[in-house]
Amino acid sequence: MSGLTSSALFTLRQLAMPSRCLVMRHALRPWPSNLCRPRYSTSTPKTAQKVVPFPGAPGSNYTEELHFVEKGVVIPTYRVLDVDGTVINKTHDPKLSKDICLKMYKDMLTLNIMDLILYDAQRQGRISFYMTNYGEEATHMGSAAALKLEDVVFGQYREAGVLLYRGFTLDQFMNQCYSNALDLGKGRQMPVHYGSRALNFQTISSPLGTQLPQAVGAAYALKRSKKDACVICFFGEGAASEGDAHAAMNMAATTESLTRTSSPNSRNNGYAISTPSREQYRGDGIASRGPGYGMDTIRVDGNDVLAVYNVVKEARRRAVEHSRPVLVEALTYRIAGNRVGHHSTSDDSSAYRSKSEVSTWQNTDSPITRFRKYLQSREMWTDADESAFRKNIRAEILKAFARAEKVKKPPIEHLFTDVYEGEQPWNLKEQKDELEGLIKKYPEYYDVSEFEK
């Protein structure tokens, strides 16, 4: 070997190294022509391994083509009814009973009329805040009808219809929005932040997306208890941009413990709070994220109450019977009723979408109008029924509104209760005593006549 050049000696040393070093050496500079090449073949043996053995992606196959995935397949949108309320494929009509159909429709009307009244009440200064559900009624009623009362609901803040369908009364809605002494939350929450232990509806919280990981934890607990129940978590496409959403989807998939909907599941109305979807993401909506996390996924027409019903019913079956998490994206649009369809009373949607756009949606594809046409085609509903119900339910809502307005605020002592179980901590006792002393000392500044004793 003494006759070899230093370059050749270096190359021979490389031959003794592991194969990955040989590949690197071969890639960096050509082999000298006076030396043998390493003993591997560039041709593919007939017995070559095709399935990738790495644990990180066990379903992948090898390929010899250098190809980047630039855009995935666009997920279709499932529907049952066209915009005129006609069933497109008769085999997909769930053929719900007249009682269920009319309950769904009447609750859609009730929610819509209640929204109109409470929206105006906020504008008059009678309540502090409100969020309407215009245009998204089908996602509520279709989901609620497909679930069982034992199923746990984690809402975002635009799912009042689910509560209404489950039996939350008009008085309970009004008491919560007025934060009065009859409010189940004892006046501690903003209006529309409903909750009901009896109806398995977790209390709404304002921070965006926090319900997502909470829902996964609750679903995992249900799975461990082997109960015949699931968790459904509602969130919008804006919340889907939060880090909590991604963590929750991954947790749901790896623990196999959740059925979820994005807007019922992801309620995608195209604008979040005020940001058009084209500025939020570049992928195929929210549904395209499901397969990446290993979740069963479907996209549904959120203005079609029967399609939503079919989808959520099947999602529930998969979750309960097979412990498979499901991502449902319901496409919908925040329309107006007789208003502009703002995100909330703190929003002016004309800043990011035109009134003509909203009007077009209202006139061409209202979920209430679509379902009414379906009911009329089955001779379940008439124009006379419509007129009579609207008149009667409006009167009932106004009576509940008037009753809630007359109820005093909760006792001030509730500021210091229900945080700790058992004996009240010393620091809360001191704070309570200090507040009571200030009220007694300065009655002209602390008017407590509107609070119950």
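None of these values were measured; they are calculated from a predicted model.

On to the nonpolar core, then. Counting 75 residues, the largest nonpolar core has Met-114, Tyr-130, Tyr-194, Phe-371 and Leu-375 as the members making the most contacts within it. Excluding residues that lie within four positions of it along the chain, Tyr-194 makes contacts with Tyr-130, Ala-160, Leu-163, Phe-168, Phe-173, Gln-176, Cys-177, Phe-201, Gln-202, Thr-203 and Ile-204. Of all hydrophobic cores here, the second largest spans 21 residues; its members include Leu-212, Leu-222, Val-231 and Ile-286.

Inspection of the secondary structure puts Gln-156 in the loop between β2 (152-154) and α5 (160-166). The class of Gln-156 is buried, set by a relative accessible area of 5%. A distance of 3.1 Å separates the side chain of Gln-156 from the side chain of Tyr-157, its partner in a polar contact.

According to the stated counting rule, one finds nine aromatic pairs in the structure shown. On the numbers, 6.4 Å between centres and 70° between planes, the contact of Trp-381 with Phe-389 is edge-to-face. Three or more aromatic residues link up through ring pairs in this structure, and these residues are Tyr-105, Phe-371, Tyr-374, Trp-381 and Phe-389. Just above the ring of Tyr-165 sits the side chain of Lys-103; from NZ or CZ to the centre is 4.6 Å.

Moving on, we get to helix α13 (residues 367-377). By the burial criterion, the buried members of α13 are Pro-367, Ile-368, Arg-370, Phe-371, Arg-372, Tyr-374 and Leu-375. Of the residues flanking the end of α13, it is Glu-379, one or two places downstream, whose phi is positive at about 60°.

Taking burial as the measure, the six residues of strand β4 (residues 231-236) include six buried ones, the bulk of the element. Residues of β4 alternate between two faces, with Val-231, Cys-233 and Phe-235 on one and Ile-232, Phe-234 and Gly-236 on the opposite face, all of them buried. One ladder, built from three bridges, connects β2 with β4; its direction is parallel. The residue of β4 that forms the bridge with Val-152 is Val-231.

Quick notes on the rules
- Residues numbered from 1 in each chain as written.
- Predicted model: local features only at pLDDT ≥ 70, side-chain atom pairs only at ≥ 80, totals over all residues.
- Heavy atoms only, no water.
- Core = buried A, V, L, I, M, F, W, Y, C linked by side-chain atoms within 4.5 Å.
- Buried < 20%, exposed > 50% of the residue type's maximum accessible area, 1.4 Å probe, protein only.
- Contact = heavy atoms within 4.5 Å.
- Helix = DSSP H or I, 4+ residues; strand = E, 2+ residues; numbered from the N terminus.
- Polar contact = N/O pair within 3.5 Å; in protein donor to acceptor, adjacent residues only side chain to side chain.
- Phe/Tyr/Trp six-rings, centres within 6.5 Å; stacked < 30°, edge-to-face > 60°.
- Lys NZ or Arg CZ within 6 Å of the ring centre and 35° of its normal.
- Pairing = 2+ DSSP bridges.

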